[in-house]
Amino acid sequence: MSGSSDRLGPLPAFLGTDARQPVAWVRMPTGDEMWVVSDYTLARIVLTDPRFSRAAAARPEAPKFNTANPSRNSIMSMDGSEHTRLRRLVNGAFTPSRTAAMTRYVEELTDRLLTEVAETGPPADLIASFATPLPIAVLTRLLGVPLEDGEQFRTRVEMLFDITFSTPREKAQHGMALVAYMTGLIERKRRHPGDDLISALIAAQDGGALSSEALLHLGLALLMAGYETTVGQLGLAALWYLTEPSLRARLDGGEVSGAIVEELIRLTPAASVSFPRVALEDVRLGDVTVRAGQAALVDVVHANRDGQVFPDPGRLEADGRATAHLTFGIGPHYCVGAPLARMQVRTALSRMIARFPGLALAPGPDAVRWKDGLTTRGLTHLHVTW
Ligand code: HEM
């Protein structure tokens, strides 16, 4: 199955093109300069070699590629043993039984949302009616946000991610409100624990493993990392299905296999770049030397299409590939939520296809609109008919 690169939509200028040097020195939208790595093998070094530090990249003086960076207290801004300790706690709280319960929940929720789509359309905007409400409900359930708070919580998260075009001031206010909400939620969970991730982390915290502040930052990190990315990935996978006839021929009446989901996530990644790392000492990266103090980030879009490790890289291999893609990163900061995200994409796509056999892009030039995000790829709307 082939895939054309125009389906990638607009990419940030600093990502360059397929013809770019494997490691290029690039000026970022902030004016800071850093190395952008699009060679798959070298990209893995940036993500796994401890000489490349996230903690150093989170310091105020470090080069930045945009203005929205994980807080210095985030799990994403830690290195070494501090990071490993926190990561072990989070992994321990993502138990197989919790994941199994989430699968059942995602199936029910997907069917409910698709019923609403069927009742109100055609046409329908798959982003507003399907790709957005699914991940927020999943995160709400995962974190143990009570049902009655769901609407308030959802509004704040959406405002924060600018889905409703809020001003920077409003965004900051919603950010602060979300911090206040999460603090209150942690307090309530401490008094009345439930079967959710926050309660499991509090249990770990009360054993002395996690400070209150670390817990707050972890709750926020899960939210920040798990929402916009998943909305993006659901919309991008649906777009690929709608515009790639050979994929469609294979999936209609068939099964959306794990291998196909993995290929979709490789070919059209919701994360276009990794977070930058700062070199703690001089590091040789292919033909260049990254000097101590300089930053490097991974161009996920092009690394995932590196022909040296993915033969015929634009082709969707229905049986999967031997090499892991970098959409969820790799190494110590590998995405905690990857299984949850994969499960949502697979469930959403397979149930959507089964429910709407005649699904097609709505007629007209405006059916697909790409969002401008620098780091997260996705659509602001995807109008469909059936
Ligand atoms: C398709 C959806 C998703 C994509 C594309 C994605 C992508 C990524 C990537 C690329 C990283 C590593 C960044 C780096 O090393 O620079 C990451 C880390 C992370 N992700 Fe995801 N993610 C997704 C969904 C989720 C979900 C659903 C959750 C939570 C439920 C989540 C939680 C996290 C957390 C907490 C980290 C930081 C891990 C650490 O620092 O050890 N992500 N994600």
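Owing to the predicted nature of the structure, the values given are computational and were not obtained by experimental measurement. (Residues numbered from 1 in each chain as written. Predicted model: local features only at pLDDT ≥ 70, side-chain atom pairs only at ≥ 80, totals over all residues. Heavy atoms only, no water.)

S.K.: Can you explain the overall build of the protein? Please cite residues and give values.
M.R.: Across its full length, the protein holds 15 helices and 11 strands. Split into buried and exposed, the 386 residues of the protein put 52% on the buried side. Residue pairs in contact within the protein that sit at least 24 positions apart in sequence constitute 70% of those at least 6 positions apart. Here the protein displays about 16,900 Å² of accessible surface, and carbon together with sulfur accounts for 54% of that area. Considering the protein, the positive charge centre built from 40 side chains and the negative charge centre built from 42 side chains are found 3 Å apart. (Helix = DSSP H or I, 4+ residues; strand = E, 2+ residues; numbered from the N terminus. Buried < 20%, exposed > 50% of the residue type's maximum accessible area, 1.4 Å probe, protein only. Contact = heavy atoms within 4.5 Å. Areas by Shrake-Rupley, 256 points an atom, 1.4 Å probe, with all protein chains shown as cover. Lys, Arg positive; Asp, Glu negative; His and termini not counted. Charge placed at Lys NZ, Arg CZ, Asp CG, Glu CD.)

S.K.: Outline the packing of helix 4 (residues 96–120) against helix 6 (residues 133–143), supporting the account with residue identities and numerical values.
M.R.: In the contact formed by helix 4 and helix 6, the axes pass within 10 Å of each other and the chain directions differ by 145 degrees. Considering only the axes of helix 4 and helix 6, their crossing is right-handed. Each of R98, M102, Y105, V106, L109, T110 and L113 in helix 4 lies in contact with helix 6, whose residues at this interface are P133, L134, A137, V138, R141 and L142. Its residues placed into classes, the contact of helix 4 with helix 6 shows 10 nonpolar, one polar and two charged. (Axes fitted to C-alpha atoms, helices over the stretch in contact; angles between N-to-C directions. Left-handed = near helix turned anticlockwise from the far one by under 90°. Nonpolar A, V, L, I, M, F, W, Y, C, P; charged D, E, K, R; others polar.)

S.K.: Help me get a handle on the packing of aromatic side chains, residues and values and all.
M.R.: Enumeration over the complete set of coordinates arrives at six aromatic pairs. With a centroid separation of 6.1 Å and 75 degrees between ring planes, the pair formed by F14 and F65 is classed as edge-to-face. Taken together, the residues span a long stretch of sequence, with F14 in the segment before strand 1 (23–27) and F65 in the loop between helix 2 (54–57) and helix 3 (80–93) at a distance of 51 residues. What makes F65 buried here is its relative accessible area of 1%. Here the basic side chain of R141 rests over the ring of Y105, its NZ or CZ set 3.9 Å away from the ring centre. Between R266 and the ring centre of F310, over which it is positioned, the NZ or CZ distance is 4.9 Å. (Phe/Tyr/Trp six-rings, centres within 6.5 Å; stacked < 30°, edge-to-face > 60°. Lys NZ or Arg CZ within 6 Å of the ring centre and 35° of its normal.)

S.K.: Lay out the site of the ligand in plain terms, naming residues and giving numbers.
M.R.: Lining the immediate surroundings of the ligand are 25 residues, of which H83, R87, R277, H333 and C335 lie closest. A distance of 2.7 Å separates an oxygen atom of the ligand from a polar side-chain atom of R277. Between the ligand and H333, the relevant distance is 2.6 Å, taken from an oxygen atom to a side-chain nitrogen or oxygen of the residue. Of all the elements in the fold, those that place two or more residues in the shell around the ligand are helix 3, helix 6, helix 10 (212–226), helix 11 (228–243) and helix 15 (338–355). (Near = heavy atom within 4 Å. Polar contact = N/O pair within 3.5 Å; in protein donor to acceptor, adjacent residues only side chain to side chain.)

S.K.: Could you give me a rundown of the coordination of the iron atom of the ligand, with the residues and numbers involved?
M.R.: Of all protein atoms, just one serves as a donor to the iron atom of the ligand, and that atom is C335 (SG), at 2.3 Å. Along the polypeptide, C335 turns up in the loop between helix 14 (300–303) and helix 15. (Donors = N, O, S within 2.8 Å, 3.2 Å for Na, K, Ca; no water.)

S.K.: Explain helix 3 to me, and be specific about the residues and the numbers.
M.R.: The end-to-end C-alpha distance of helix 3, which contains 14 residues, comes to 20 Å, matching closely the 20 Å that a straight helix rising 1.5 Å per residue would cover. Among the residues of helix 3, those classed as buried are H83, L86, R87, L89, V90 and A93. Along the axis of helix 3, the buried residues cluster in a sector spanning 155 degrees; they form a single face. When the buried face of helix 3 is taken as reference, the exposed residues oriented beyond 90 degrees from it are S81 and R88. (Expected span 1.5 Å × (residues − 1). Arc of directions from axis to C-beta.)

S.K.: Talk me through the pairing of strand 1; I want residue IDs and the actual numbers.
M.R.: For a regular strand, side chains alternate in direction, first toward one face of the sheet and then toward the other. Relative to strand 2 (residues 33–37), strand 1 runs antiparallel, the two being bridged by five bridges. For R27, the partnering residue across the bridge sits in strand 2 and is E33. Adjacent in sequence and paired antiparallel, strand 1 and strand 2 are bridged by five residues, among which G31 carries a positive phi angle near 95 degrees. (Pairing = 2+ DSSP bridges.)

S.K.: Let's hear about the confidence of the model for the protein: which residues, and what values?
M.R.: Mean pLDDT over the protein works out to 89, with 95% of the residues at or above the 70 mark. This stretch, residues 1–5, has a pLDDT under 50; its non-local contacts, to residues over four places away or in other chains, come to 14 contacts. (pLDDT = per-residue confidence, 0-100.)

S.K.: Can you lay out the sheet that holds strand 8 (residues 295–298) for me, pointing to particular residues and giving the numbers?
M.R.: With respect to topology, five strands assemble into an open sheet ordered 1-2-8-5-3, the strand pairing being mixed. One side of each edge strand has no neighbouring strand; the edge strands of this open sheet are strand 1 and strand 3 (52–53). Alignment of strand 2 against strand 8, held across three bridges, turns out to be parallel. Opposite W35, over in strand 8, you have A296 as the bridge partner. Its contacts with the sheet put helix 1 (residues 40–48) on strand 1, strand 2, strand 3, strand 5 (277–279) and strand 8, and the angle it makes with strand 8 is roughly 120 degrees.

S.K.: So what's going on with the nonpolar core? Residues and values would help.
M.R.: Of all hydrophobic cores here, the largest spans 82 residues; its most connected members are F153, M182, M352 and L382. With nine residues, the single largest contributor to this core is helix 15. When near neighbours in sequence (up to four residues on either side) are disregarded, L382 contacts A124, D125, L126, I127, G235, A238, L239, L242, L361, A367 and V368. Ranked by size, the runner-up nonpolar core spans 21 residues in total, among them V23, W35, A43 and V288. (Core = buried A, V, L, I, M, F, W, Y, C linked by side-chain atoms within 4.5 Å.)

S.K.: Let's hear about unusual backbone geometry: which residues, and what values?
M.R.: The omega angle of the peptide bond from G121 to P122 is -5 degrees, so this bond is cis rather than trans. Mapped onto the fold, P122 is located in the loop between helix 4 and strand 4 (124–125). P123 follows P122 through a cis peptide bond whose omega is -5 degrees. Mapped onto the elements of the fold, P123 is located in the loop between helix 4 and strand 4. Phi angles above zero are rare outside glycine, and D312 is one such case at about 50 degrees. Along the chain, the position of D312 falls in the loop between helix 14 and helix 15.

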